[in-house]
Every structure is written in C-alpha cells, then in structure tokens.
Amino acid sequence: MLKMSTLFLRTLRDDPADAEVTSHRLLVRAGYIRRIAAGIYSWLPLGVITLRNIENVVRQEMDAAGFQEVHFPALLPREAYETTNRWEEYGPSLFRLQDRKGGDYLLGPTHEEMFTLMVKSEYSSYKDLPLSIYQIQTKYRDEARPRSGIIRGREFVMKDSYSFDIDNAGLDVSYQKHRDAYISCFNRLGLKYNIVKAVSGAMGGSKSEEFLAPCDTGEDTYVLCPSCGYAANVEAMVTKVPAGDPSGVPALEELDTPNTPTIDSLVAIMNEKFGAGHSAADTLKNIMLVADGKPIAVLVPGDREVDLKRLQENLGGVHELRVFEEADFAKHPQLVKGYIGPQDAAKSGITVYADPRVAPGTSWISGANKKDRHARFVVNGRDFTPDAYIEAAEVRAGDACPECNTEVIIDRAIEIGHIFQLGQKYAQALDLTVLDNNGKSQVVTMGSYGIGVSRAVAAIAEQTSDAIGLNWPVEIAPAKVHIVATGKEDLPFDTALKLGEDLEAIGISVMLDDRRDASAGVKFKDAELIGNPIIVVVGKALADGNVEVRVRSSGEKQEVTLGHAVAKITELLK
RNA sequence: CGGGGCGUAGCGUAGUGGCUAGCGCGCCUGCUUUGGGAGCAGGAGACCGGGAGUUCGAAUCUCCCCGCCCCGACCA
C-alpha cells in the first residue's frame, strides 16, 4: 500500500516553467518525473510504478504471443555497428564514448545488430525457425532537438522485437502475430490509436505500419479516410490521379512572360494576357534539389509545395536532400532560375521525377528554360517525359482517398508502435543464414517491431488527462484506488487503513492519503492530480456509516455503506 | 545547425545602474483550524547560470561561454 505520509512525493502547485505540453506539465506537477537534462528524466516512485505497469502489459502480451524475452546491454562495442556501417551512418544521433583503453563504444539507439548476431551465434537450421524475441530496454539517441518532455527524449524505454523466418510466407505470419499482439496491448493500455500505413524509411524493408495515438501534441501527421478507413502517414499517402486526355491540346507554345520568376507572378500575367481563369494549379513547379550530391528535378503542380520529408522517404536510401542553392545553379547554367521547364531535361542528363498529380497526358504551363519565357500546352508524354513518378507534393486535407476517392482528413498523433518487415537487410549484412530442408544455405528474413514504452506514459496522459490532472486507465494507474482520510479523529484514518487492507487482500492496489497535517482540500486536489481511477473519501459520511466513492474520469460520486465499499469498488473497476 | 524566448531560494516569480535582493507556494517551530490547495506569529533557505570587462557602485550595461524551452532542419 502506498501511504502518502511516507511516499517519496512532492506535488507542485504551479506548472513548471519549462514544460509546455500537457503530459509533461502534469507528470512533473504530480511528481511522476523530474527533468535532469534536455530529454533526460528521472522517474520518481509514482512514475516508476506507472512505467512498470505499462511494461508488464507489454510483456504479458508478448509472452502470450509466444515471443521470448531477452536483454542486451545498452552499452555496446563499436564493432557490431561497423559491420552494418551504422557507426558512420547513424551520424551525430549516436551517443559515442570510449573506455579507458580508448576503445570505441556506443549507447544503443536500437538493437538490430545485437539480435541478428545473437541468433546467428545460436541457430543454424530452418528447424529452429520461426523465432521471435524481444527486449524492454533503455535506448539512447542524441536527438537534434529533444522535445515535449517524455515524448521525444534522448533516453527512453522501448520494447523492440525481431522475428526470424526462413521465407516471406513465414515473415507474413510473424508480422501478423505481432500486429495482433500490438492490438491487444494498446487496447489494454486504454489508448485510442489508428493503424496507419507507413514507409519503412531508413531501416529498409517492405511492409510497414505505425500505431498512432491521435492527440494535438503529436509530431506525426497522418491522413484518415472517414469513409473507407484508409489511414496512412502523410509520407506513405498514395496519390491516384487519372491520366489526362491530350488529344485536343494545341501544340506547345512559348510565351513572353517578363518578370515572372514566381508562380504568383506567372499566374497574374497569364490572366492578364490570355484571359482570366488561370490558377496556380495550372502551372508546373519545377523544383531543383540535390540528393546525396546528385542534382534532380521534381515536378509538382504550382499550387503545391514539395514535401521534402515525403520526397526523401519515397526516394529511398537518400541520406541528404536539399534544395538548390545559388552555387548549384552556377554549376548548371542551362537552368534558368524561375523559368525552368522539364522539356529539355533529357539533354541535360538530370533525372526528372514527377509527382503523380503530374499525370501522363496532362497539360501544363511551365518554364521555357529561357529568362522571362514560359510555355503553355506542355503535355506530359508529348513535350516531356519524367524518368519516374514519385510522391513528392504536400498532402492536404480534402485530398482524394486512394482507395475510395472520398476526401481525407488530416490529424496529428504520437507514434507509439511501429511494425515492419525488414526483409534480409541485416541478415545479409551480418551473414545470418540457416540450412534449409535441402541442406542449402538460406539468408533469414526478419521483421522488426517497436513499442515506445516510456512514450506510452506520455501518450496515455495526453489522451486521458483533463483540466484538473492525470486520469489513468485502470491497468496502468499507480494504484487502482486512492483512499483519502479526512478529519482529525483517529476513526477515519483507522477505517481508511482497514479498507485499504481489505482491498489489497483481494488484489486491488491502494494509495492511502494518511497525512494528518494536510487539509482535506489539499488531499482532494492531490488525488485528482495524481489520477488514480477510484477515489474513496473516508470522512464526514462516516457519521452515517458511509464512505464516498468517486470515479475520477467522470467525476461521479456516491455514498455507500462501509460494508459495501469493497463490493462497490470492485464493480466500478470492472 | 538556423530563428525566437529565457536563466534570481525546492517550485512559480518581482526587481532594467544605487542602500540589507522582494513576494507567493512549499519547508521548519508554536498556537488555532480540519470536506476543496486554511489562519496568525516566528524562522531557515539565493556565490541573482559561469567567466571577463565597463563603473565609485552591476541581478541590472558590454563581450564570451554554459544551460533550458518553443518553431524549423533532423528524427528505428
């Protein structure tokens, strides 16, 4: 039983000045966490209990799915990360350190290598597969900008699992098992979430989905179709635009368009010279970028910006992507800034990517590759041909759902889980093979599955808290029942203690506010701030043989006789 | 790394060249109080982020450094 008279806890009356988002503010105020450095937090007793409760839900669901728990060191030698080149590739986000002999070490940001090498050293036959193993581990990433308290820290707790299969059919099964386990897990945690299509990003691999918990402070943006339920991270959103019919479009015509280096100025002069009705959506924006040192051109409709993050994810394997600077234009004199068109791209040898919105057969107003000149009736497939199509344009609310054409909505969320099919990337790099039933060596295929455990504390706090404090779901609250004893006599305190013991005897965890020197008001405020699901007040009503039972989430309160309190509480907790 | 804001007691803050750095919360002692962050009285607690400078005099002005928060870049 957590007794507040001795609990290591100090709640704060004021919001801490360095906390902005709700979860951070309340977790600090209610005494769950304290900041130690940017993105690094200490967990106080209430925080530790809450974190452990979440860990245990995750652990139980993983175990129930037949996955096995292991535990790797957080402190790792450089060698493992060299084999996959990540000592270099991971860049400044990797916490690096040296031992006394000058040997290089790192604090693990993720453990693909460790899992892969571990399986390699133990297993060598297809008969050992499938296998899924997981750990709950503290991870370290030197984030460029830690933010939002516990949501994006530099030290955080993550559950990561990996599946090992002999072939893709097996991987599909393992993936599905994880997906199912995640669903039961997040349901038990009381989180609202969407399962969203994702791009697998820097980790490589194919199929990938994210579990996103919608909330305003989330840093992920995703689209959701209100009609068919299609959901995708904006980076993975697919655009389906039908091909145009160019049959009636006149031949390409070059135009005098003095002083029109921007879309706005171009549209203005078009309306002036060729009649009203032109809009930015009729123009073709030709954005020059440098992808890992190579110049590329990206075509998007003039009324849309290029979403660099989306573009980079879809380019795949590109580490550095930036827009052209003056120096880049200087190296390519044929590119007239403000008047670039794709018509001559074939000659220049620059790869041209088109957003799907620039569909085959569509006709555009584009730059003419000469200063103060544009061209109209520029038809894709007739006057230029993109080298490839790629999702690059920004996604907007109201864009068409690729499945059913309904207008999608856009929302923000916290990423609490990510599952994806890694394929053979790591197995190949680290030479993880097993013998198949023909005695032939086969590269194992892997899946990777993460849950942000410490982040889930924040996500749940974000979704469930209200104006007066935290408000935990039953499974993860530090205690299921918060008993407040009021008054100055011994009776309410003795009664409260007895009630607490009765509850704990049947497995219901209890926090007891047995502070003699705190006023009733202080105790009520603290109980509400701390956020346990049931609050029982043992005080005034005792004169009638009653206690007051309150439900934190609804604010609903009722008096029950002392004799019925345990039954009532048990019922409310169901 | 770019832009913005900030750094004064455990927490929240006032103080923009002048006297002993002020207030609220919290903490300690005593008395009163005890169902919505109680009252009175007394008290402890601050190298004013660090360093250098300007000045008779610096929390306050200047420069450098460190740290924190927000937006962006970045982010399995």
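Conventions and cut-offs
- Residues numbered from 1 in each chain as written.
- Chains lettered and ligands numbered in written order.
- Predicted model: local features only at pLDDT ≥ 70, side-chain atom pairs only at ≥ 80, totals over all residues.
- Heavy atoms only, no water.
- Helix = DSSP H or I, 4+ residues; strand = E, 2+ residues; numbered from the N terminus.
- Buried < 20%, exposed > 50% of the residue type's maximum accessible area, 1.4 Å probe, protein only.
- Contact = heavy atoms within 4.5 Å.
- Pairing = 2+ DSSP bridges.
- Axes fitted to C-alpha atoms, helices over the stretch in contact; angles between N-to-C directions.
- Domains from an automatic or database assignment.
- Buried area = accessible area lost by both parts, 1.4 Å probe.
- Salt bridge = Lys/Arg side-chain N within 4 Å of Asp/Glu carboxyl O.
- Polar contact = N/O pair within 3.5 Å; in protein donor to acceptor, adjacent residues only side chain to side chain.
- Phe/Tyr/Trp six-rings, centres within 6.5 Å; stacked < 30°, edge-to-face > 60°.
- Core = buried A, V, L, I, M, F, W, Y, C linked by side-chain atoms within 4.5 Å.
- Expected span 1.5 Å × (residues − 1).
- Disulfide = S-S within 2.5 Å.

Caption draft 1: Spatial organisation of the side chain of Ser174. Structurally, the position occupied by Ser174 is in helix α6 (residues 168-188). On the basis of relative accessible area, Ser174 is assigned to the buried category, the value being 7%. The residues contacting Ser174, other than those within four sequence positions of it, are Pro130, Ser163, Asp165 and Tyr449.

Caption draft 2: Spotlight on the sheet that holds strand β19 (residues 363-370). Pairing in this open sheet of 3 strands is antiparallel, and the strands run β14-β20-β19 from one edge to the other. A strand with exactly one partner marks an edge of an open sheet, and here the two such strands are β14 (253-256) and β19. Pairwise comparison of adjacent strand axes, ignoring direction, gives a mean angle of 30° for this sheet. Sheet topology note: the β14/strand β20 (residues 373-379) ladder contains 4 bridges and is antiparallel. Within β20, the position partnered with Asp256 by the bridge is Arg373.

Caption draft 3: A look at the environment of Lys557. Residue position: Lys557 is located in strand β30 (residues 557-561). Judged by relative accessible area, Lys557 falls into the exposed class, the value being 52%. Along the backbone, Lys557 and Val536 are 21 residues apart, and their C-alpha atoms lie at a distance of 9.2 Å. When residues no more than four places from it in sequence are discounted, the contact partners of Lys557 are Glu548, Val549 and Arg550.

Caption draft 4: Representation of the domain arrangement of chain A within the structure. For chain A, the assigned domains are domain 1 (16-237 + 410-462), domain 2 (253-389) and domain 3 (481-573). Distance from the C-alpha centre of domain 1 to the C-alpha centre of domain 2: 39 Å. Contact with domain 1, which involves 6 residues of that partner, is made by 5 residues of domain 2. Interface of domain 1 and domain 2: buried area, both sides summed, is about 520 Å²; carbon and sulfur atoms make up 45% of it. Counting the contacts that link domain 1 with domain 2 gives 1 salt bridge. Here Lys309 and Glu235 are joined by a salt bridge, their closest N and O atoms 3.5 Å apart. For the pair domain 1 and domain 2, the number of links is 4 residue pairs in polar contact (both at pLDDT 80 or more).

Caption draft 5: Local environment of the packing of aromatic side chains. In total, this model carries 10 aromatic pairs according to the counting rule given. When the ring of Tyr182 is compared with that of Phe211, the centres are 5.4 Å apart and the planes differ by 55°; the resulting orientation is tilted. With Tyr182 in helix α6 and Phe211 in strand β11 (residues 208-214), the pair connects residues that are 29 residues apart, well separated along the chain. With a centroid separation of 5.0 Å and an interplanar angle of 75°, the aromatic rings of Phe324 and Phe329 are classed as edge-to-face. Owing to a relative accessible area of 9%, Phe324 belongs among the buried residues under this scheme. Taken together, the aromatic side chains of Tyr182, Phe186, Tyr193 and Phe211 make up a single cluster linked through ring pairs.

Caption draft 6: Structural context of the nonpolar core. Tyr32, Ile54, Phe186, Ile416 and Trp472 are the most contacted members of the largest nonpolar core, which has 56 residues in total. Beyond its immediate chain neighbours, meaning those up to four positions away, Ile54 contacts Leu189, Val453, Ala456, Val457, Ile460 and Ile476. Tyr81, Phe115, Leu422 and Leu432 belong to the second largest nonpolar core, which has 25 residues in total.

Caption draft 7: Structural context of helix α7 (residues 263-274). Between its first and last C-alpha, α7 extends 16 Å over 12 residues, near the 16 Å set by a 1.5 Å rise per residue. Taken together, the buried positions of α7 are Ile263, Leu266, Val267, Ile269 and Met270. Contacts from the buried residues of α7 go to β14, β15 (284-291), β19 and β20.

Caption draft 8: Examining the sheet that holds strand β28 (residues 534-538) more closely. Taken in spatial order, the 6 strands of this open sheet run β1-β27-β26-β28-β29-β30, and their pairing is mixed. What marks the edges here is a single partner per strand, and that holds for β1 (2-3) and β30. Of the strand pairs in this sheet, β1 and strand β27 (residues 510-513) are connected by 2 bridges, and their pairing is parallel. Across the sheet, Leu2 pairs through a bridge with Met511, a residue of β27. In the packing of helix α15 (residues 562-573) onto the sheet, the strands contacted are β26 (481-485), β28, β29 (546-551) and β30, and the crossing angle to β30 comes to about 135°.

Caption draft 9: Focus on the state of the cysteines. Applying the stated rule across the entire model yields 0 disulfides. Looking at Cys225, it has no disulfide partner, and the nearest cysteine sulfur is the one in Cys404, 3.5 Å off.

Caption draft 10: View of the pairing of β27. Because side chains alternate across β27, one face comprises the buried residues Val510 and Leu512, and the other comprises Met511 and Asp513, equally buried. In the sheet, β26 pairs with β27 via 4 bridges, with the strands oriented parallel. Its bridge partner lying in β27, His482 is registered against Met511.

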